[in-house]
Amino acid sequence: MTRALRVHMLPQLVEPADLRGRTVVVIDVLRATTTIAYALANGATSVVPCLEIDEARATARQLGSGVVLGGERRGLRIEGFDLGNSPSEYTRAAVEERTVVFTTTNGTRAMRHAAAADAILIGSFANLSAVVAALANCERADLLCAGTNGAVTAEDTLFAGAVAHRLGSDEWGMENDQAFLARDAWRAFLADGGPLSATLRACQGGKNLIAEGFDADIDTAAQIDALSLVPRLNVGTGRIAVR
Ligand code: MLT
């Protein structure tokens, strides 16, 4: 049976209800989904994604001790928060056995957009192969790019294309044109020879990070398969964890 794959280059390009019954991979390579993978790899018990700063503060208060408050606005750590949105901040010392309450401009918003899905996975180049393997048993998958403030981003589209390319066309049918476009963008990148870090630096999101002093985060985000876990968002509990 042919499996069906769709790519959405922005959340605005798919109705939330249209994700019902599907497995959705949420993608915000620079940097939310990369950072969440590192937080969980370094022992955070779970990550609680929040839309708004006030919601994050209230959630942290409600959860009490053992909570780390993290995230960004305009790329920078939010006043009063423990951590920003750099994967390198989410060390074992900072997050092990703690709950991370997390809000970012676009990434956590995309996660909420996927709430109707059957399963929600968190994808980035850091866990590319693990995400591809996790899709092996599903029949209808959607790769949902967070983008930046309503604009399509090359880094998220490239990651979606990498997943589409790895899944292959023998078993998987491309169900929308964005899937073809993303896969072809990744194939063009492969033909070009990389490195991925240089491509991410040339993207608008990469340029923004360099301007903000977060150049090192781009190298981290470009390390394909540095991690082998697949974070999953459980809509019932509101928590992202590895199981
Ligand atoms: C976001 O969610 O908008 C991004 O992760 C922003 C950032 O890189 O800080």
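Everything here concerns the structure above.
Along each chain, the written sequence defines residue order, and numbers are assigned to residues from 1. Local features in this predicted model are restricted to residues of pLDDT 70 or higher, and side-chain atom pairs are both shown and tallied only at a pLDDT of 80 or more, whereas totals for entire chains, interfaces and linings draw on every residue. Side-chain calculation: all heavy atoms of the structure are included, whereas hydrogens and water are not.

Peer 1: Looking at this model, I keep getting lost on the pairing of strand β2 (residues 23-27). Mind explaining?
Peer 2: On any regular strand, side chains alternate: one points to one face of the sheet, the next to the other face. Using a 1.4 Å probe on the protein chains alone, a residue whose accessible area is under 20% of its type maximum counts as buried, one over 50% counts as exposed, and one in between counts as partly exposed. For the purposes of this entry, the term helix denotes a DSSP run of H or I that reaches at least four residues, the term strand denotes a run of E that reaches at least two, and both are numbered from the N terminus. Across the five residues of β2, five count as buried, placing the element largely inside the fold. Residues T23, V25 and I27 of β2 are buried on one face, and the alternating residues V24 and V26, pointing to the opposite face, are buried as well. Two strands pair under a simple rule: DSSP has to find at least two bridges between them. Here β2 runs beside strand β7 (residues 119-123); their pairing, made up of five bridges, is parallel. Note that in β7 the partner of V25 across the bridge is L121. Of the pairings in the sheet, the one linking β2 to strand β8 (residues 140-145) comprises five bridges and is parallel in character. Directly across from V26, in β8, lies its bridge partner L144.

Peer 1: Sorry if this is basic, but what is going on with the nonpolar core here?
Peer 2: One broad trend across soluble globular proteins is that nonpolar side chains are buried collectively. One finds L135 and L143 to be the most contacted residues of the largest nonpolar core, which totals 39 residues. Of all the elements, helix α6 (residues 154-167) adds the most residues to this core, at seven residues. Contacts are assigned to residue pairs with any non-hydrogen atoms lying within 4.5 Å of each other. Those residues within four positions of L143 in sequence are excluded, and the remaining contacts are L5, R6, V7, H8, V25, I27, L135, A160, V163 and A164. The definition of a nonpolar core used throughout is a set of buried Ala, Val, Leu, Ile, Met, Phe, Trp, Tyr and Cys residues joined through side-chain atoms within 4.5 Å. Ranked by size, the runner-up nonpolar core spans 27 residues in total, among them V24, V47, V68 and L83.

Peer 1: I'm lost on the state of the cysteines in this one. Help?
Peer 2: Simply put, the disulfide is a covalent bond whose two ends are the sulfur atoms of two cysteines. In this description, the term disulfide denotes a pair of cysteine sulfurs within 2.5 Å. Per the stated rule, a full pass over the model turns up zero disulfides. For C203, which is in no disulfide, the shortest distance to another cysteine sulfur is to C145 and amounts to 12 Å. Looking at C203, the relative accessible area reads 6%, which means it is buried.

Peer 1: Just checking my understanding: could you explain helix α7 (residues 177-192) for this structure?
Peer 2: Because the α-helix completes a turn every 3.6 residues, residues three or four places apart line up on one side. Expected helix span is given by 1.5 Å per residue-to-residue step, counting one fewer step than there are residues. Its 16 residues place the ends of α7 23 Å apart at the C-alpha level, agreeing with the 22 Å of an ideal helix rising 1.5 Å per residue. The complete set of buried residues in α7 reads Q178, A179, A182, R183, W186 and F189. One side of α7 carries all its buried residues, which in axial view fall inside an arc of 130 degrees. The exposed residues of α7 that point more than 90 degrees off its buried face are D177, L181, A191 and D192. Contacts from the buried residues of α7 go to β1 (3-8), α6, β9 (172-174) and α8 (196-202). Within this analysis, the arc is defined by the directions that extend from the helix axis to the C-beta atoms.

Peer 1: Can you walk me through the pattern of salt bridges in this structure?
Peer 2: A pair can form between side chains of opposite charge whenever their charged atoms are brought close. Between Lys or Arg on one side and Asp or Glu on the other, a salt bridge is scored when a side-chain nitrogen of the former is within 4 Å of a carboxyl oxygen of the latter. In the structure shown here, the tally under the stated rule is eleven salt bridges. Of the charged contacts in the structure, one is a salt bridge between R22 and D142, with a shortest N-O distance of 2.4 Å. Highlighted residues: R22 in the loop between β1 and β2 and D142 in strand β8, separated in sequence by 120 residues. For D142, a relative accessible area of 0% gives the class buried. For the salt bridge of D219 with R201, the shortest nitrogen-to-oxygen distance reads 3.1 Å. Here the residue D219 occupies a position in helix α10 (residues 215-221), and R201 occupies one in helix α8, the gap between them amounting to 18 residues. You can call D219 partly exposed: its relative accessible area is 32%. A relative accessible area of 23% places R201 in the partly exposed class. A single network of salt bridges, built from pairs that share partners, joins R6, D18, R22, D142 and E175.

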